[in-house]
Each structure stands twice: as C-alpha cells, then as structure tokens.
Amino acid sequence: MLRGLTGKVAVITGGAGGIGSEVARRLGVEGCRLVIVDRDAGAAEDLAKSLPAAIAVAADVSSAEGTESYLAAALDEFGAVDLFHNNAGIVGAIAGMADLDPASFDKVISVNVRGTFLGLRAVLRQMRQQGTGGSIVNTSSIGGLVGTPGLTSYVASKHAVVGLTKVAAHEVGGTGIRVNAICPGIVDTAMTASFAAEAPQDGPNPTERIPLGRLATPAEIADLVAWLFSDESSYVHGSVIRVDGGMLS
Ligand code: NAP
C-alpha cells in the first residue's frame, strides 16, 4: 500500500476509459473514495458499481456545466476533493496540417485543453478552500513533448497540457497542492486501437520504436498516477514524467 491514500477522495475524468478505469481500480485497492467522470455514462456506472466506494458522473469535461456538475457531485457525496486525475482526452482526426479541418482542431482543443483548464480551475479553487493540500495529475502524452506528423491537434493540445501543469505548479507553491503531468507513450487502450485502425496499414510497426518492445498496459500508467497521488512523491511537483518504455530516450 502507498502512504497517504487511504480515505482520500479522488476525481478521475475519462474515468471509464482504458487508463482512467485502471487508475480507479488501483485507487480503490488503496482505499480511496472515487468519483468516476466520463461522457460514457453506462461504462462509468458499471465501473462505479464494481468498486467499494465510488460514484459515477456523466459529464462533458469541455463544458463549464460539466465541470461544475462533477465537482458538485464529488462534494455532495464525499465532501471534499483530495486527488484529481485530469485525464479525459481524444485524439481527433489524423490529417496533415495543410488538410486539417479547423472544426476538428477546435474539437480536440476543446476537450484536451479547455477541459483540462476547466478542471484545474475548479479543483484548484476547491483545494485552496479546503486548505488541506492535494495532488493533481494531468494526462499529457509523449505528443506533449515531440511532434508527430498527422497529429496537429493532439500534439498541440498535449503540449498545452504540459504548459498548464507548469503554470499551476508555480501558482500553487506553498499551498500543499502538488501538480504534475504524465506523458504516456503508447498504451493498450481503445484510443490506441482506434488510432491504429485509422493509421496507414503499410506504416512501421510502432513497437519497433519502443526499447521495451511492447505497448504499456493501462495498469502500468495507473501505478505512476497512484504514486504521484501518494505521500511517497511528496517532493515531486511541476514535473512532466515520461512513461513510454524508453520511446523518447
Ligand atoms: P480511452 O480509453 O479512449 O479513454 C478516454 C475516456 O475519456 C473515454 O471513456 C472517453 O469517452 C472519455 N472522454 C472523451 N472525451 C470526453 C469528454 N469531453 N468528457 C468526458 N469524458 C470524455 O483513452 P485512454 O487511452 O484511456 O486515454 C486517456 C488519456 O490518456 C487521454 O487524455 C489520452 O490522450 C492520454 N494518452 C493516451 C495514450 C494511449 O496510448 N492510449 C498515450 C498517451 C496519452 P468516449 O469513449 O465516449 O470517447
């Protein structure tokens, strides 16, 4: 068991997805109380029912109403927010920059950047009001560190998540709130499957670019998130952590 997690209230956006659901299961084992936020209401409900102390909230993170609704639900049910995994995200269209539809760009920015910002804004206010610190993990990507052809919106949005993390870390210093970003490589989730289905089939096998020779499991990402939420990472703040099997090394 990791130090400092038992009884904490964790809000996880994209909580019914591949990475978010594993984070929920892992934090459940650690004795956290959970708020699973996803636009997929059925999947969020099913997951919440399978965990000892969890509720599901159907919300769109890109809207102010959605953000307010998941924060209000967390406070109604558990009275506080101690941990926040700001994780919901989409890939968007795969297209060269010159051919990219601006509406598709806007959609990705709306979920990945505006959604991350709205979540940070709401939860930072709440944590400051509580006055008991907290830990926030924003999900960026290796796409937040380097460019990839065909992924303009996603790469721009995930670089922005890194920027939001850095500003927040400076602003909350001394409040006991820690803010970090994780940059997963390629994780074995539905997002990766749909991306692979759209990518050119004659392209290189992505695992050839990964020194560990395989995709990450969602549980391996959840292990990092749980550690960042725990007291065992008490001096890790404003960090942007790659978890990519060595892909960018
Ligand atoms: P996933 O399995 O597709 O899960 C994402 C979840 O977020 C889905 O349940 C999705 O619902 C939900 N969601 C999307 N837009 C939302 C919105 N506006 N409001 C509320 N919920 C929303 O993807 P994942 O692989 O777990 O990805 C989680 C995060 O990790 C994302 O930010 C992603 O960019 C990042 N990441 C993933 C990888 C990877 O290789 N998989 C690598 C690096 C970073 P729907 O199913 O209805 O869309």
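All figures in this text were calculated on a predicted structure; none of them were measured in a lab. (Residues numbered from 1 in each chain as written. Predicted model: local features only at pLDDT ≥ 70, side-chain atom pairs only at ≥ 80, totals over all residues. Heavy atoms only, no water.)

A short note on the packing of helix H1 (residues 18-29) against helix H7 (residues 218-229)
Here's step 1: Two elements in contact, H1 and H7, have axes whose closest approach is 8 Å; the angle formed by their N-to-C orientations is 55°. In terms of their interaxial angle, H1 and H7 are classed as oblique. For the pair H1 and H7, the sense of crossing is right-handed. Every residue of H7 that contacts H1 at Gly18, Ile19, Glu22, Val23, Arg26 and Leu27 is listed here: Pro218, Ala219, Ile221, Ala222, Asp223, Val225, Ala226 and Phe229.
Here's step 2: Residues that form the contact of H1 with H7 fall into these classes: 10 nonpolar, 1 polar and 3 charged. (Axes fitted to C-alpha atoms, helices over the stretch in contact; angles between N-to-C directions. Helix = DSSP H or I, 4+ residues; strand = E, 2+ residues; numbered from the N terminus. Parallel < 35°, antiparallel > 145°, perpendicular 65-115°, else oblique. Left-handed = near helix turned anticlockwise from the far one by under 90°. Contact = heavy atoms within 4.5 Å. Nonpolar A, V, L, I, M, F, W, Y, C, P; charged D, E, K, R; others polar.)

Here we look at the site of the ligand
Here's step 1: Near the ligand lie 27 residues; those nearest to it are Asp38, Arg39, Asn87, Tyr154 and Thr189.
Here's step 2: Ala59 places a main-chain nitrogen or oxygen 3.4 Å from a nitrogen atom of the ligand.
Here's step 3: One of the backbone N or O atoms of Val61 is found 3.0 Å from a nitrogen atom in the ligand.
Here's step 4: If the ligand stood free it would expose 880 Å²; the protein chains cover 88% of that surface.
Here's step 5: The class makeup of the residues in the shell around the ligand is 12 nonpolar, 11 polar and 4 charged. (Near = heavy atom within 4 Å. Polar contact = N/O pair within 3.5 Å; in protein donor to acceptor, adjacent residues only side chain to side chain. Areas by Shrake-Rupley, 256 points an atom, 1.4 Å probe, with all protein chains shown as cover.)

Some remarks on the pattern of salt bridges
Here's step 1: Applying the stated criterion across every chain yields a total of 5 salt bridges.
Here's step 2: A salt bridge links Glu30 to Arg26, with the shortest nitrogen-to-oxygen separation between them at 2.8 Å.
Here's step 3: On the basis of relative accessibility, which here comes to 3%, the residue Glu30 falls in the buried class.
Here's step 4: Under the relative-accessibility criterion, Arg26 is labelled partly exposed at 22%.
Here's step 5: For the salt bridge of Arg242 with Asp244, the shortest nitrogen-to-oxygen distance reads 2.8 Å.
Here's step 6: On the basis of relative accessibility, which here comes to 38%, the residue Arg242 falls in the partly exposed class.
Here's step 7: Residue classification places Asp244 among the buried residues on the basis of a relative accessible area of 9%. (Salt bridge = Lys/Arg side-chain N within 4 Å of Asp/Glu carboxyl O. Buried < 20%, exposed > 50% of the residue type's maximum accessible area, 1.4 Å probe, protein only.)

Focus: the nonpolar core
Soluble globular proteins: nonpolar side chains tend toward being buried together.
Here's step 1: Core analysis: the largest hydrophobic core is formed by 30 residues, its most contacted members being Leu27, Leu34 and Ile36.
Here's step 2: Of all the secondary-structure elements, those providing two or more residues to this core are strand S1 (9-13), H1, strand S2 (33-38), helix H2 (41-49) and H7.
Here's step 3: Residues in contact with Leu27, not counting those within four places in the same chain, are Leu5, Ala10, Ile12, Cys32, Leu34, Ala226 and Phe229.
Here's step 4: Counting 29 residues, the second-largest nonpolar core is a separate cluster that includes Tyr70, Ala73, Leu120 and Met127. (Core = buried A, V, L, I, M, F, W, Y, C linked by side-chain atoms within 4.5 Å.)

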